[in-house]
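Below, each chain spelled out in residue letters.
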Amino acid sequence: DTAVSQTPKYLVTQMGNDKSIKCEQNLGHDTMYWYKQDSKKFLKIMFSYNNKELIINETVPNRFSPKSPDKAHLNLHINSLELGDSAVYFCASSQTGSIEAFFGQGTRLTVV
Amino acid sequence: AQSVSQHNHHVILSEAASLELGCNYSYGGTVNLFWYVQYPGQHLQLLLKYFSGDPLVKGIKGFEAEFIKSKFSFNLRKPSVQWSDTAEYFCAVNRRGSYIPTFGRGTSLIVHP
């Protein structure tokens, strides 16, 4: 059973489109995150949700909107996609009091 | 703001060579430290972690790391690398009481057979 699963694994889309990436964790964790990994492999936190509430919102364009319908899901919706949004997006989860984050397999987004 | 520095961006070794990857962090308080590995086309996997106790931490696949508080360092080591160790290695730090890791820029390791 996959602990943190993301769909889709690959996403190719045109500039200007709106797309969503889904993330689900079956670990019972109360905190979920989205990270962006750029072409140089640098991982940067974008958002963090704890018990469905936004607790971290780094400087990302407001075209990016996370949505957490419940503790097990944190979806990432992106409006008006731009070339610079091309990256690998990783979802992760952890439990308050634990120090370890578990990562999904990543979604490679390519904007053409 | 805390930051994590990995000084080696690209490392190329032959099989059986010894490995040491540097990691330094800037936060002065109590921290938790991690090394993650990302094999080609795969997700991040935890190699090892430190949160207290013995500063020499042993992880999976023969990796170990040593926490040196005075140097704000958490270097990763392996005495003899294998071709299958070819991957990206990320050091990460979070403050005690926080659960959001900050990552270094990663080190790309290539091991030639």
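Placed above this text is the structure.
The rules behind each value
- Throughout, residues of each chain are indexed from 1 in the direction in which the sequence is written.
- All chains are assigned letters beginning with A, and all ligands numbers beginning with 1, in the order in which they are written.
- For this predicted model, a pLDDT threshold of at least 70 governs which residues receive local features, and a threshold of 80 or more governs which side-chain atom pairs are given and counted, while totals over whole chains, interfaces and linings are taken from all residues.
- Water and hydrogen atoms play no part in the side-chain values, which are based on all heavy atoms of the structure.
- Here a helix means four or more residues in a row that DSSP labels H or I, a strand means two or more in a row labelled E, and each is numbered from the N terminus.
- Per-residue accessibility, obtained with a 1.4 Å probe over protein chains only, is compared with the maximum for each type, and a residue is labelled buried under 20%, exposed over 50%, and partly exposed between these values.
- The term polar contact refers here to a pair of N or O atoms within 3.5 Å; inside protein, the definition further demands a hydrogen-donor-capable atom paired with an acceptor-capable atom, and it admits residues adjacent in sequence only when both atoms are side-chain atoms.
- By definition, two strands form a pair when at least two bridges between them are found by DSSP.
- A pair of Phe, Tyr and Trp rings is counted when the ring centres sit within 6.5 Å of each other, with Trp represented by its six-membered ring. The angle between the planes then sorts it: under 30 degrees is stacked, over 60 is edge-to-face, the rest tilted.
- We count a charge as sitting over a ring when the NZ of a lysine or the CZ of an arginine lies within 6 Å of the ring centre and within 35 degrees of the ring normal.
- Two residues form a contact once any of their heavy atoms are found within 4.5 Å.
- Simply put, the buried area is the total loss of 1.4 Å probe accessible area from both parts when two parts are fitted together.
- When a carboxyl oxygen of Asp or Glu is within 4 Å of a side-chain nitrogen of Lys or Arg, the pair counts as a salt bridge.
- In this classification, Asp, Glu, Lys and Arg are treated as charged, Ala, Val, Leu, Ile, Met, Phe, Trp, Tyr, Cys and Pro as nonpolar, and every other residue, Gly included, as polar.

All names here are of chain A. Here Ser68 shows up in strand E7 (residues 64–70). Relative accessible area serves as the criterion here: at 16%, Ser68 is assigned to the buried category. As for Ser68 and Asn50, which are separated by 18 residues in sequence, their C-alpha atoms are 9.5 Å apart. At 3.1 Å, the side chain of Ser68 forms a polar contact with the backbone oxygen of Asp70. From its side chain, Ser68 meets the backbone oxygen of His73 in a polar contact 3.0 Å long.

This next bit is on the pairing of strand E6 (residues 53–57) of chain A. Bridge count between strand E5 (residues 43–50) of chain A and E6 of chain A: 4 bridges; the pairing is antiparallel. The residue of E6 of chain A that forms the bridge with Phe47 of chain A is Asn57 of chain A.

Across all of its chains, the model carries 12 aromatic pairs over all chains by this definition. Judged by centre distance (5.3 Å) and plane angle (85°), the ring pair of Tyr35 of chain A and Phe103 of chain B falls under edge-to-face. Here Tyr35 of chain A is found in strand E4 (residues 31–37), whereas its partner Phe103 of chain B is found in strand E11 (residues 102–103) on a different chain. Across the pair, exposure class does not vary: Tyr35 of chain A and Phe103 of chain B are buried alike. Here the aromatic rings of Phe103 of chain A and Tyr36 of chain B are separated by 5.4 Å at their centres, their planes lie at 80°, and the arrangement is edge-to-face. Taken together, the residues Phe103 of chain A in strand E10 (residues 102–103) and Tyr36 of chain B in strand E5 (residues 31–38) connect one chain to another. Assigned by exposure class, Phe103 of chain A and Tyr36 of chain B land together as buried. The side chain of Arg105 of chain B reaches across the aromatic face of Phe42 of chain A, ending 4.1 Å from its centre.

Before going further, it helps to spend a moment on the interface of chain B and chain A. Counting residues at the interface gives 20 residues for chain B and 23 residues for chain A. For the pairing of chain B and chain A, the buried interface totals around 1,900 Å² over both sides, and the portion due to carbon and sulfur atoms is 63%. Across the chain B-chain A interface, the total number found is 1 salt bridge. Across the salt bridge formed by Glu100 of chain A and Lys49 of chain B, the nearest N and O atoms sit 3.0 Å from each other. Put simply, chain B and chain A have 4 residue pairs in polar contact (both at pLDDT 80 or more) between them. When residues of the side of chain B that touches chain A are traced back to their parent elements, those giving at least two are E5, strand E6 (44–50) and strand E10 (87–95) of chain B. When grouped by side-chain class, the residues that make up the side of chain B that touches chain A number 11 nonpolar, 6 polar and 3 charged.

Scope: geometric values only; no functional claims are made or implied.
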